[in-house]
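One-letter residues, chain by chain:
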Amino acid sequence: MNYLLEHPRNNMSVVTRFAPSPTGFLHIGGARTALFNWLFSQHHALHGDGGTFLLRIEDTDRKRSTQDAVDAIFDGLRWLGLTWDGDAISQFGRIEQHRAAVERLLDDGRAYRCYCTPEELGAMRKEARTAGRKRMYDGRWRDRDPADAPSGVAPAVRLKAPEDGETVIEDLVQGEVRVANAELDDMILLRSDGTPTYMLAVVVDDHDMGVTHVIRGDDHLTNAFRQTQLFQALNWDTPAFAHISLIHGPDGAKMSKRHGALGVDVYRDQGFLPEAVCNYLLRLGWSHRDDEIISMEQAIEWFNLDSVGKSPARFDFDKLTALNGHYLRESGPERLMDLISPSLSEYLGYNPSEIAVQRLIHGLPGLRERAKTLSELIENSLFYAAERPISISDKARKLIDDDGRRRLESVKDGFAALDDWTEEALEACVREFSERADIKMGKVAQPIRAAITGTTVSPSIFEVLAVLGREESLGRIADVINFE
RNA sequence: GACCCCUUCGUCUAGUCAGGUCUAGGACACCUGCCUUUCACGCAGGCAACACGGGUUCGAAUCCCGUAGGGGUCGCCA
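For every chain, the first residue of its written sequence is number 1, and the numbers climb from 1 along that sequence. Ligands are numbered from 1 and chains lettered from A, in the order in which they are written. In view of the model being predicted, local features appear only for residues whose pLDDT reaches at least 70, and side-chain atom pairs are presented and counted only at 80 or more, with totals across whole chains, interfaces and linings using the full set of residues. Excluding hydrogens and water, the side-chain values take into account all heavy atoms of the structure.

1. Quick word on the packing of aromatic side chains
Two measures describe an aromatic ring pair: the distance that separates the ring centres and the angle between the ring planes. Just so we agree on the cut-off: Put simply, two rings from Phe, Tyr or Trp (the six-membered ring, in Trp's case) pair if the centres are within 6.5 Å, and we call them stacked under 30 degrees between planes, edge-to-face over 60, tilted for the rest. Put simply, a charge is over a ring when the Lys NZ or the Arg CZ is close to the ring centre, within 6 Å, and near the line of the ring normal, within 35 degrees.
Counted under the stated rule, the structure contains twelve aromatic pairs. Grouping aromatic residues by their ring pairs yields a cluster made of Tyr267, Phe272, Tyr280, Phe315 and Phe317. Positioned above the aromatic ring of Phe36, the side-chain terminus of Arg32 is 5.4 Å from the ring centre. Over the ring of Tyr137 we find Arg158, and its NZ or CZ is 3.5 Å from the ring centre.

2. Overview of the protein's contact with RNA strand B
Formally: Any residue with a heavy atom lying within 4 Å of a molecule or strand is counted as near it. Under the rule applied, a polar contact is a pair of N or O atoms within 3.5 Å (in protein, one hydrogen donor and one hydrogen acceptor; residues adjacent in sequence only if both atoms are side-chain atoms). Runs of H or I in DSSP of at least four residues are treated as helices and runs of E of at least two as strands, each being numbered from the N terminus. Each residue is assigned to one of three groups, with Ala, Val, Leu, Ile, Met, Phe, Trp, Tyr, Cys and Pro labelled nonpolar, Asp, Glu, Lys and Arg labelled charged, and all others, Gly among them, labelled polar.
In the vicinity of RNA strand B, 69 residues are found, and the nearest of them are Arg191, Gly285, Lys310, Glu369 and Ser458. The sugar-phosphate share of atoms of RNA strand B within 4 Å of the protein amounts to 68%. Side-chain polar atom of Ser460 to a base oxygen of RNA strand B: 2.6 Å apart, as the coordinates give it. Contributing elements (two or more residues each) for the surface near RNA strand B: α4 (118-130), β7 (175-180), α5 (198-208), α6 (221-233), β12 (313-314), α10 (317-330), α17 (441-453) and α18 (461-468). By residue number, the principal contributor to the surface near RNA strand B is α17, which donates five residues. Considered class by class, the residues forming the surface near RNA strand B number 21 nonpolar, 20 polar and 28 charged.

3. Overview of the nonpolar core
Inclusion rule: In plain words, nonpolar cores are sets of buried Ala, Val, Leu, Ile, Met, Phe, Trp, Tyr and Cys residues tied together by side-chain atoms within 4.5 Å. The cut-offs for exposure are 20% and 50% of the maximum accessible area for each residue type, with area from a 1.4 Å probe on protein chains only; residues under the lower value are buried, those over the upper are exposed, and the others partly exposed.
Core analysis: the largest hydrophobic core is formed by 100 residues, its most contacted members being Leu281, Phe315, Phe415 and Ile448. In terms of residues, this core owes the most to one element, helix α1 (residues 28-47), which gives eight residues. Among the nonpolar cores identified, the runner-up in size contains 20 residues, and Ala161, Met187, Leu200 and Leu234 belong to it.

4. Section: the pattern of salt bridges
Definition in use: Any carboxyl oxygen of Asp or Glu that lies within 4 Å of a side-chain nitrogen of Lys or Arg is treated as forming a salt bridge with it.
Evaluated as defined, the whole model comprises 28 salt bridges. A salt bridge links Asp138 to Arg140; its shortest N-O distance comes to 2.8 Å. For Asp138, a relative accessible area of 43% translates into the label partly exposed. By relative accessible area, which is 33% here, Arg140 ends up partly exposed.

5. Points about helix α12 (residues 354-368)
To keep it simple, the criterion reads: One less than the number of residues in a helix, times 1.5 Å, gives the span that helix is expected to have. Bend angle per residue: angle between axes fitted to the 7 residues ending at that residue and the 7 residues starting there. Residue contacts are defined here by distance: any two heavy atoms, one from each residue, within 4.5 Å place the two residues in contact.
When the terminal C-alpha atoms of α12 are compared, their 20 Å separation across 15 residues agrees well with the 21 Å that a helix rising 1.5 Å per residue should span. The largest bend along α12 reaches roughly 40° and is located at His362, with the proline Pro365 sitting one to four residues downstream. All buried positions along α12 are accounted for by Ala356, Val357, Arg359, Leu360, Ile361, Gly363, Leu364, Gly366, Leu367 and Arg368. Elements that come into contact with the buried residues of α12 comprise α10, α11 (333-348), α13 (374-385), α18 and α19 (470-481).

6. Considering unusual backbone geometry
With an omega dihedral of -10°, the bond running from Arg388 to Pro389 counts as a cis peptide bond. Mapped onto the elements, Pro389 comes out in the loop between α13 and α14 (394-399). Not every positive phi belongs to a glycine, and Asn235 is a case in point at roughly 65°. Structurally, the position occupied by Asn235 is in the loop between α6 and β10 (240-244). Taking the relative accessible area as the measure of exposure, Asn235 reaches 66% and is therefore exposed. The backbone phi angle of Arg289 is positive, close to 55°, even though this residue is not glycine.

7. Some thoughts on the confidence of the model for chain A
To keep things clear, this is the line we draw: Known as pLDDT, the predictor's per-residue confidence is scaled from 0 to 100.
Looking at chain A, pLDDT values average 92 and 96% of them are 70 or higher. Of all helices and strands in chain A, the one with the weakest mean pLDDT is α4 (86), whereas α18 scores best (98). Counted against residues more than four places away or in other chains, residues 5-10, with its pLDDT under 50, gives nine contacts. Note on the complex model: pTM 0.93, ipTM 0.95.

8. Describing the side chain of Thr33
Along the chain, the position of Thr33 falls in helix α1. A residue is classified by how much of its surface remains accessible, and Thr33, at 12% relative accessible area, is buried. Each residue touching Thr33, except ones within four places of it in the same chain, is listed here: Phe18, Ile215, Arg216, Gly217 and Ile244.

9. Some words on the sheet that holds strand β8 (residues 188-190)
Operational definition: A pair of strands is considered paired only if DSSP assigns at least 2 bridges between the two. Only the stretch in contact is used when fitting a helix axis, every axis being a line fitted to C-alpha atoms; angles between N-to-C directions are given from 0 to 180 degrees.
Ordered in space as β4-β5-β8, the three strands form an open sheet in which the pairing is antiparallel. Of all strands in the sheet, those with a lone pairing partner are β4 (111-114) and β8, marking the two edges. Neighbouring strand axes in the sheet, compared pairwise and without regard to direction, differ in orientation by 45° on average. Sheet topology places strand β5 (residues 156-159) next to β8; two bridges connect them, and they run antiparallel. What sits directly across from Val157, in β8, is Leu190.

In structure tokens:
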């Protein structure tokens, strides 16, 4: 198994892992967990003594695991740029190692077989609940003679956990957290059908994979106690834990599927850039003084667990959007063209012509200033790709009344007489016209905008005119003058 | 219910570990103005918070205790 890298415990190299269960898409909370794990490993790879980021698919629940979900996780991580080392590990594929660990525990007397029926367990659970106890299983098979085992009943295997004292974890984010062992019952390691439970699999896999730092959502905090007990029973070093707070929805409740915990693919489809999503997610719970705009390079250099906050954060769509606007403005026209091109064809119903693509490339720098998402950018770009006669919105239509039409005719003659079809010449021409006619520039600029873009909002009309070129511009103006 | 965690502007947060430099800083959102052919961008300014109550101290957002509120976990799910 080549993915199980050799990581001697005596060096300082860091190994992190992201361990999602493939029961759905990669949601935004999982993405943040992955990001933190990735950042931590990359930081140590580049600025420390080595770092590795592994991906493990927790697919031991066969009924709920699908290949589609696995692919969705891969796609999501790749889109965010969170590449993992080696091949993704299937937890299900390591079932033999899990069983072997239990055998050892059984031999060492650190685990035992439990023949309780689901009914018995149900009763115990109910009793514990009404008695106000957290601990459910009463340990009735813990010290019982195996000879008492009922025949024909397949046992589950439980860990013989310490009954006294307390289990303490030194969490890198939460600090020292301790819980009395009396609160923890003997967890099941192997189900009665012989399959390993999550608790067992996680511990064995994390050990075998050489994981040094377990960074995950704090909904796993209580699991950490049980896992610590297991690590100790197995005589293995316990990895360092870092439980990060969960992301909450805008209403303050836990992010769930109905509370906006969308898959990262949805953010992509809504026109967000991966670097914006990463930057936003990074700032949710982690900070570096007052820095807000943080590149991945800086994030890798600066990231640490000390600066991760403990309190949960609400998801703020507006801030993500603002960040996205920033990264959009920093993107070059070629990249933007690649990004919007598929949707553009969809809107148009055909692939934009070569000349339309050229216009777009020239027009994108002006367009990107006015968009916060790719979707917005696409909508605003449409007029560059459109074929004559372009459609005119109702609002724009209102600008082309009798006055507007008259001005368009005059200014069109001026344009036609121009030697240089440049932004500067175009602007001088319109300025001269408005001064001569003693009207505000807007009175003529807006009808022009309406004619050449079909809308009331666009980049500078001189820029648009220049990008469109003489023939197309004059043609579009003529189209509206002759309309009706 | 039990156990554990959390609590600074509406939101994300700086500051808290080493108490005074905090009349609490930044960002998003919101409001005003400037720029201007529209809309943005940009720039300038504004509104807005230390959950509450005790205590320690010359002095507390920072330390301690309590209260309230919020969250997580209590599966032969992961």
